[in-house]
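Report on the structure
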Amino acid sequence: MTKRYLPSALLLLILPTRCALAVDEITITGPKALVQLVSELSQRYGYLVTYEDAPVDTEREVTTMVYAPGRMDKFEISRPVTFHVPRGPATSDVSSGVAGPEAILPLSKELIQPMVDEYNASGNPSRFAVSFDGTYAHIYAVSHKVNGRMEDFQPILSTKVTMPPQTAPCYQTLNYLYAELRRMRNVNVAQSLIGANWLFRDQCTIVGADLTAGDVVAQVAHEFGTDHSQVAPGKELRIPWWLTYDAFTDTYYLSMHWVPNKSPQADVAPTSSPATSTDTPAPARPACTPPSKIRPDGKVVFDAGACNTP
Amino acid sequence: MASGSAQFGSSTSTILTDSEGLCSVNPSTSSIGPPDGESSPTVTLAITFNGATSGAGYTIESEWTDSGYDGMSNWGNLGNWTTSTTMPLTVQLTDLTQTSSFYLVGDSYSITVTGPPTQPVTVSVNGAAPIAAVNTQGSSSTNGQGVWTTTGTWGLGDIGNYTQTYYVAGVQVPGLSFQVSNGATRITCGPTSAADVGQGTQEPLSVRISTPPGSTPQVLFSVTGSNVNPYSTSVSASSAPNSSLWSYQLATGSLLGEYEVNPSVQLLNADGSVASTYACPARVAYFNVRVSSPANSGPAKCASMTGTWSDFSRASSHAATWNITDTSGSLGGTASYTGACSGTPVNFAGLTGSYSPVTQAYSMTATGPSPTSYSCGGNLYEPQDLTVKGVLAPNSCGLGAGTYSDDSSTTSDVLTTERVPAGETTQFAGWADQYGSPTTAMFNAMLNTAPNGPAYDFGGRNVNQGAPATPPGSDSCWWQTAPALGYAKITSLSSLGRSDPWNVQDDHKNGSYGIDYIGLGDTLIALIQLRSTALLTSTSSCTIQFPQQMSINSESSTGNDPPYATNMIVFTITQTTVSVSRASVTDPNGPRSAHF
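Quick caveat: nothing in here was measured; it's all calculated off a predicted structure. (Residues numbered from 1 in each chain as written. Chains lettered and ligands numbered in written order. Predicted model: local features only at pLDDT ≥ 70, side-chain atom pairs only at ≥ 80, totals over all residues. Heavy atoms only, no water.)

1. Brief notes about the packing of aromatic side chains
- Enumeration according to the criterion identifies 21 aromatic pairs over all chains in this entry.
- On the numbers, 5.3 Å between centres and 45° between planes, the contact of B:Tyr286 with B:Phe596 is tilted. Here B:Phe596 lies in the segment after β46 (592-593) and B:Tyr286 lies in strand β25 (residues 285-290), a separation of 310 residues in the sequence.
- Taken together, the ring pairs in this structure connect A:Tyr51, A:Tyr119 and A:Phe128 into an aromatic cluster. (Phe/Tyr/Trp six-rings, centres within 6.5 Å; stacked < 30°, edge-to-face > 60°. Helix = DSSP H or I, 4+ residues; strand = E, 2+ residues; numbered from the N terminus.)

2. What to know about helix α1 (residues 33-45) of chain A
Residues and elements named next belong to chain A.
- Under the 1.5 Å per step criterion, the end-to-end length of α1 is 17 Å for 13 residues, consistent within 8% with the ideal 18 Å.
- Counted residue by residue, α1 has 13 buried out of 13 residues, so it is predominantly covered.
- Two residues or fewer past α1, Gly46 is found with a positive phi of approximately 75°. (Expected span 1.5 Å × (residues − 1). Buried < 20%, exposed > 50% of the residue type's maximum accessible area, 1.4 Å probe, protein only.)

3. Details of the interface of chain A and chain B
- Across the boundary between the two partners, chain A contributes 61 residues, which contact 74 residues of chain B.
- Counting each side, the surface lost to burial between chain A and chain B is near 5500 Å², with a carbon and sulfur contribution of 53%.
- Sorting the residues of chain A by area buried against chain B places A:Arg71, A:Phe200 and A:Arg201 first, and these three jointly supply 16% of that buried surface.
- Taken together, chain A and chain B are joined by two salt bridges.
- Between A:Asp246 and B:Arg531 there is a salt bridge whose closest N-O contact spans 2.8 Å.
- Here chain A is connected to chain B by 18 residue pairs in polar contact (both at pLDDT 80 or more).
- For the side of chain A that touches chain B, the secondary-structure elements that each account for two or more residues are α1, β5 (62-68), β6 (71-76), α3 (170-185), β15 (188-191), α4 (196-201), β18 (241-246) and β19 (251-256) of chain A.
- The leading source of residues in the side of chain A that touches chain B is α4(A), at six residues. (Contact = heavy atoms within 4.5 Å. Buried area = accessible area lost by both parts, 1.4 Å probe. Salt bridge = Lys/Arg side-chain N within 4 Å of Asp/Glu carboxyl O. Polar contact = N/O pair within 3.5 Å; in protein donor to acceptor, adjacent residues only side chain to side chain.)

4. Considering the packing of α3(A) against helix α5 (residues 213-226) of chain A
All names here are of chain A.
- Two elements in contact, α3 and α5, have axes whose closest approach is 11 Å; the angle formed by their N-to-C orientations is 170°. Compared by their axis directions, α3 and α5 come out roughly antiparallel. For the pair α3 and α5, contact is made by Cys170, Thr173, Leu174, Leu177 and Leu181 and by Ala213, Val216, Val217, Val220, Glu223 and Phe224, respectively.
- Of the residues that constitute the contact of α3 with α5, the class distribution is nine nonpolar, one polar and one charged. (Axes fitted to C-alpha atoms, helices over the stretch in contact; angles between N-to-C directions. Parallel < 35°, antiparallel > 145°, perpendicular 65-115°, else oblique. Nonpolar A, V, L, I, M, F, W, Y, C, P; charged D, E, K, R; others polar.)

5. Brief notes about the sheet that holds strand β12 (residues 147-153) of chain B
Residue and element names in this part refer to chain B.
- In spatial order, the strands read β7-β9-β12; together these three strands make up an open sheet with antiparallel pairing. Two strands in the sheet have a free side with no partner beyond their single neighbour: β7 (90-95) and β12. Within the sheet, the average angular offset between the axes of one strand and its neighbour, ignoring direction, is 15°.
- As paired elements, β7 and strand β9 (residues 108-114) share six bridges and run antiparallel to each other. From the neighbouring strand, Thr90 faces β9, where its bridge partner is Thr114. (Pairing = 2+ DSSP bridges.)

Okay, structure coming up:
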């Protein structure tokens, strides 16, 4: 049995036939295939995956589209990519004996790496790597094309920054971070989708020294997710971030998204549409977001042992 | 029968006048035929539809009679007619890359020809015979609106002088003459850099400019506020020697809101006068100047004890149930318990007491037990008035810790049954202009209790938002290149992030909370208005909507916050406006005019 979902013109998700090695196929045909995949991984499977771009070769990897007089856009040339998302064994309903959908596998580097490899082999801009810190998988560009030649790229969020120690509204903290990145890397960084309530209502305190921009973003995400520890352990929000590069404005855009708890690592099936997200805990094995805390050195760490994960 | 136009008379007759003014008939260009025939005549009428716009539909019917009105036909349908407005014959060349007076190799361009709809377009280049003008869509005809357009990029092989004469349906369009030159004199602009800042700090503007060797450039930044925060200035940037980076630090002490930056380059003559001005195309940048908004209200004291409570830790097993009505701190209601030995229900006729929202201390006494005595197991039981005193726990309005009056050594914890709002009423509180975010809407909400239910003030509780699975969200503003902006389709509240809980305040009604800030970000709104393919025309609009499920903190031991309302959040965006609605409540003044 094969199910097909077409959430948009860009995506083709083919759920697996019932077999030992279940795999979902996600085909993306538009620009920024990898960040679109990350979006799907978050919304469908609840995977916590961050994403970081590199600039593209504007002479060779960017095209201009004129939609109407005075209306134009510049974007990356793209090739379709089909990603394969592995799934676990089918669940079963004990009472009925009927086989259920395949389970979501635990997030790991080994889970994400083949998808990054599929992207890297697709001929689309830049090359990416993946790391896993026990809670988040981080996908980041490590090389990109400059004047037609591939060159190594130091991820923007790996840049060492100096942040003022005081508590400030989080939008100010982020503005300061953008200014630091401009100073250190001569890049333009702007805010994209970050919840207005977060920006208006939350205060951020950045602690630690010798921080990277990624550490700062992680601390801000921690603040957004925990509200100064008013949120019960295990209930803090799961907030990955994306730093995407836009060729039209030559600007990086930082966005943060709340990933509803799909209970990855639990015996539940992915949703078939991004719209059907829910934060209802999984019934079979209650999911747990490892409590995070900020160490004195400014690193956000997760207490995976607090969760009853397999 | 005579034929020709004379049959209609020399002027517009009654017959030829439409009393409704929809159309008129020109008799001089109308006719009747066939000439001198005895068969049915053919009538040709020259009809002009008055004020008709393209696409207006008419049904044309006729009847006939002879000159003596001896006979008359029935009305008969001649057919339907859809009018069209013929576009004027025009041709326009637009350089999409830059706006200098030069057309340069490497520039993208568009050529747009207008004329009658669905007519062939031909072009003569430098006097050659006209050939079909095939555009990038493979069409060589005007479309249904009378427009033919093509785009392209000039290459090295295009250098030269051009006279292009276009024809629509063989009719010449006023000519087009231009020159494409190589890039030796080319001025190029890198992307403009700007940043969101707090008010009072310096806004760093920069752009990288390449100019012809030996030229003397001067770079200007034109800074324009949105229509909500009007502002306009032009500042002259500076650069280090031999550097292509031009920058300017703009003071933002008087700025607040969203701003647009457009760089331009002036090439100066030796005497400092301006030789030419080059507006950097498609190099717009946006920045936002903001001030801090006040913190939302902190936790409030529990405003009311109205509810059904159980004291559950009495050493004896006859824990009582208290049905409390709290009227401005004065407690009333009833109480009961079940006799431990016999299961005899003991009901109290009255309940008195007090509750202080300031100290969260309560004292209540159930009086008048009935029955006054009962026997069980050979013992006589005489129920007494029952008094409990205590204090509600911090951050919990449904749990109290105290003692019994008849046994101060015995704790008397009280726990209420779950009290959940029946819904909430949303109130539009304005736009966040004062904080520098003119496209962010602010809402407050007032909690509701069930009609005819007990009046309970939810002050002291807290509410949160979540992303329910249904109803599904949708996003028609998203376009294919939007992921470059970190903008995935917004079909769920999760795309915008879930905030901290709101603390419900005592409003001496049922409790209220706020502010719920709802916005996509001013820069993203500007980029959607600029680039979304859903907004190609001035009349088009797009919509983003998703559900917001509201829940209140649980008072039970389950820990699951019970939901009590689902609001639809809807953004509607046009090239010039933004509207935000929450639970169908929006700015009563209509969509926000917000644009550059």
